[in-house]
Amino acid sequence: MATPGDNAVQDAAAPRRRRYRVHHLAQAKEQGTKITMLTAYDALTAAVFDAAGIDLLLVGDSIGNTMHGHTTTLPVTVDDMIPAARAVAGAAPHALVVVDLPFGSYEAGPEQALGTAVRLMKETGAAAVKLEGGRTVAAQIRAITDAGIPVFGHLGFTPQSEHALGGHRVQGRGDDAAEALCADALAVQEAGAVAVVLEMTTVEVAARATEILRIPTIGIGAGAVTDGQVLVWTDMAGMTDWTPKFARRFAELGTALRQAAEDYASEVRAGTFPDAAHSFES
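Residues numbered from 1 in each chain as written. Predicted model: local features only at pLDDT ≥ 70, side-chain atom pairs only at ≥ 80, totals over all residues. Heavy atoms only, no water.

**So, the overall build of the protein**
Next up, step 1: Counting its regular elements, the protein contains eleven helices and eight strands.
Next up, step 2: Along the longest, intermediate and shortest principal axes, the C-alpha atoms of the protein span 70 × 50 × 35 Å.
Next up, step 3: Buried residues in the protein amount to 49% of all 282 residues.
Next up, step 4: For the protein, the share of sequence-separated contacts (at least 6 apart) that also reach a separation of at least 24 residues comes to 56%.
Next up, step 5: Of the roughly 14100 Å² of accessible surface on the protein, 56% is carried by carbon and sulfur atoms.
Next up, step 6: Taking the 22 positively charged and 33 negatively charged side chains of the protein as two groups, their mean positions are separated by 5 Å. (Helix = DSSP H or I, 4+ residues; strand = E, 2+ residues; numbered from the N terminus. Buried < 20%, exposed > 50% of the residue type's maximum accessible area, 1.4 Å probe, protein only. Contact = heavy atoms within 4.5 Å. Areas by Shrake-Rupley, 256 points an atom, 1.4 Å probe, with all protein chains shown as cover. Lys, Arg positive; Asp, Glu negative; His and termini not counted. Charge placed at Lys NZ, Arg CZ, Asp CG, Glu CD.)

**What to know about helix α5 (residues 110–124)**
Next up, step 1: With 15 residues, α5 ought to run about 21 Å at 1.5 Å a step, and its terminal C-alpha atoms sit 21 Å apart, in line with that.
Next up, step 2: Looking at the buried residues of α5, the elements they touch are α4 (78–91), β3 (96–100), β4 (128–130) and α6 (138–146).
Next up, step 3: Of the residues trailing α5, Gly-125 is marked for its positive phi of about 85°. (Expected span 1.5 Å × (residues − 1).)

**Section: the nonpolar core**
Next up, step 1: Among the nonpolar cores identified, the biggest contains 75 residues, and Leu-56, Leu-57, Phe-152 and Ile-218 are the most heavily contacted of them.
Next up, step 2: Residue contributions to this core peak at eight residues, all from α4.
Next up, step 3: Contacts of Ile-218, omitting those with residues within four sequence positions, involve Ile-35, Met-37, Leu-56, Phe-152, Ala-195, Val-196, Val-197, Leu-198, Thr-226, Gly-228, Gln-229 and Val-230. (Core = buried A, V, L, I, M, F, W, Y, C linked by side-chain atoms within 4.5 Å.)

**Brief notes about the pairing of strand β6 (residues 195–199)**
Next up, step 1: Counted residue by residue, β6 has five buried out of five residues, so it is predominantly covered.
Next up, step 2: Going residue by residue along β6, you find Ala-195, Val-197 and Glu-199 tucked away on one face and Val-196 and Leu-198 tucked away on the opposite face as well.
Next up, step 3: Two strands pair when backbone bridges link them, and strand β5 (residues 151–156) and β6 are joined in this way by five bridges, in the parallel orientation. Residue pairing in the sheet places Gly-153 in a bridge with Val-196 of β6.
Next up, step 4: In terms of strand pairing, β6 meets strand β7 (residues 217–220) through four bridges, oriented parallel. By the bridge assignment, Val-196 is partnered in β7 with Thr-217. (Pairing = 2+ DSSP bridges.)

**Brief notes about the layout of surface pockets**
Next up, step 1: Put simply, the largest pocket is a space of about 950 Å³.
Next up, step 2: Lining the largest pocket we find 38 residues, and of these Glu-199, Val-232, Asp-235, Pro-244 and Phe-246 sit closest to its centre.
Next up, step 3: Here the residues of the lining of the largest pocket are counted per class, giving 14 nonpolar, 15 polar and nine charged.
Next up, step 4: Space inside the second largest pocket adds up to approximately 500 Å³.
Next up, step 5: Lining the second largest pocket are 25 residues, with Gly-156, Thr-158, Leu-165, Gln-171 and Asp-184 positioned closest to its centre.
Next up, step 6: Of all the secondary-structure elements, those providing two or more residues to the lining of the second largest pocket are β5, α7 (162–165) and α8 (175–190).
Next up, step 7: Broken down by element, the residue count for the lining of the second largest pocket peaks at four residues, all from α8. (1 Å grid on protein atoms, 1.4 Å probe; cavity = no way out; pocket = protein on both sides within 12 Å on 5 of 7 lines; lining within 4 Å. Points joined across faces, edges and corners; volume = space filled by probe spheres on them. Nonpolar A, V, L, I, M, F, W, Y, C, P; charged D, E, K, R; others polar.)

**Description of the UniProt feature "active site" (unreviewed entry) in the protein**
Next up, step 1: Under the present numbering, the feature "active site" (unreviewed entry) in UniProt falls on Glu-199.
Next up, step 2: In this fold, Glu-199 is placed in strand β6.
Next up, step 3: Overall, the relative accessible area of 11% leaves Glu-199 in the buried class.
Next up, step 4: Filtering out sequence-adjacent residues up to four positions away, Glu-199 remains in contact with His-154, Leu-155, Gly-156, Phe-157, Pro-159 and Ile-220.
Next up, step 5: Only 2.9 Å separates the side chain of Glu-199 from the side chain of His-154, close enough to count as a polar contact. (UniProt positions renumbered as here; feature names shortened; annotations may be inferred. Polar contact = N/O pair within 3.5 Å; in protein donor to acceptor, adjacent residues only side chain to side chain.)

**With respect to the packing of α4 against α5**
Next up, step 1: Following both chains from N to C, one finds α4 and α5 inclined at 40°, their axes separated by 8 Å at the closest point. In terms of orientation, α4 and α5 fall into the oblique class. At the point where α4 passes α5, the crossing takes the right-handed sense. In this structure, α4 uses Val-78, Asp-79, Met-81, Ile-82, Ala-85, Arg-86 and Ala-89 to contact α5, whose residues at the interface are Thr-116, Arg-119, Leu-120, Glu-123 and Thr-124.
Next up, step 2: Its residues assigned to classes, the contact of α4 with α5 comprises six nonpolar, two polar and four charged. (Axes fitted to C-alpha atoms, helices over the stretch in contact; angles between N-to-C directions. Parallel < 35°, antiparallel > 145°, perpendicular 65-115°, else oblique. Left-handed = near helix turned anticlockwise from the far one by under 90°.)

This is the structure we're talking about:
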């Protein structure tokens with residue numbers, strides 16, 4: 001029986017668009033089709049990105065930096081993630097919605113990780129979860145996967161470990177580091193992950209990981225050699241004054257939004273808004 005999200009019609013004349021599911025990741029890897037992914041934290045942006053045809057929406061713990069005003073992702077809690085993920089999943093009938101397991105919600109072991117993943121899936125409507133780490137979290141990935149929950153891995157620069165990594169540093173430089181990252185990638189795959197994010201790695205190690213893995217790699221600051229790309233949407237859309245080196249600004253929405261707010265304030269102060277066209281009469 002078809003579900004409401006499957007094959008939803010965009011309009012009467014448009015072709016039917018299928019919901020993006022886990023098996024489409026494997027198909028994309030096999031066919032060489034690039035996978036598109038953006039973060040989303042609310043229903044409005046999720047609906048826009050879903051309508052734009054983005055394959056995957058990540059409700060990332062980057063919500064701490066982008067929406068909550070934290071300087072790192074570390075303060076983000078499961079309770080922070082749930083309403084955001086619920087909003088995104090409810091507004092995106094086509095994209096595959098992935099939600100992050102925040103810092104402190106899975107490191108204690110498989111039982112904790114599974115409990116967090118189950119809660120996120122039950123309370124949000126997301127289709128998959130993501131957690132950071134390689135061989136050290138393989139048991140957690142296996143436990144979640146064995147419960148029927150798709151898992152995305154995350155290697156390279158892992159923001160939840162930024163203090164241990166010495167800050168925002170490119171990962172995979174040097175033979176030993178490259179070998180360790182590839183070993184982590186293989187461990188994540190063998191534990192059952194359906195894809196892995198590679199963040200801020202050298203192009204060479206990203207290319208090697210993409211070559212040796214059966215599952216797709218999704219890069220962010222890993223060059224064009226990966227099977228797909230993800231960006232934090234506020235970086236992609238130019239919402240802030242500064243963006244990372246690896247993030248191209250495809251628009252300048254921050255400037256446009258500020259100008260709109262300035263124009264609004266100016267007209268309110270001048271008494272020109274609201275005018276007759278925006279008022280009601282008896």
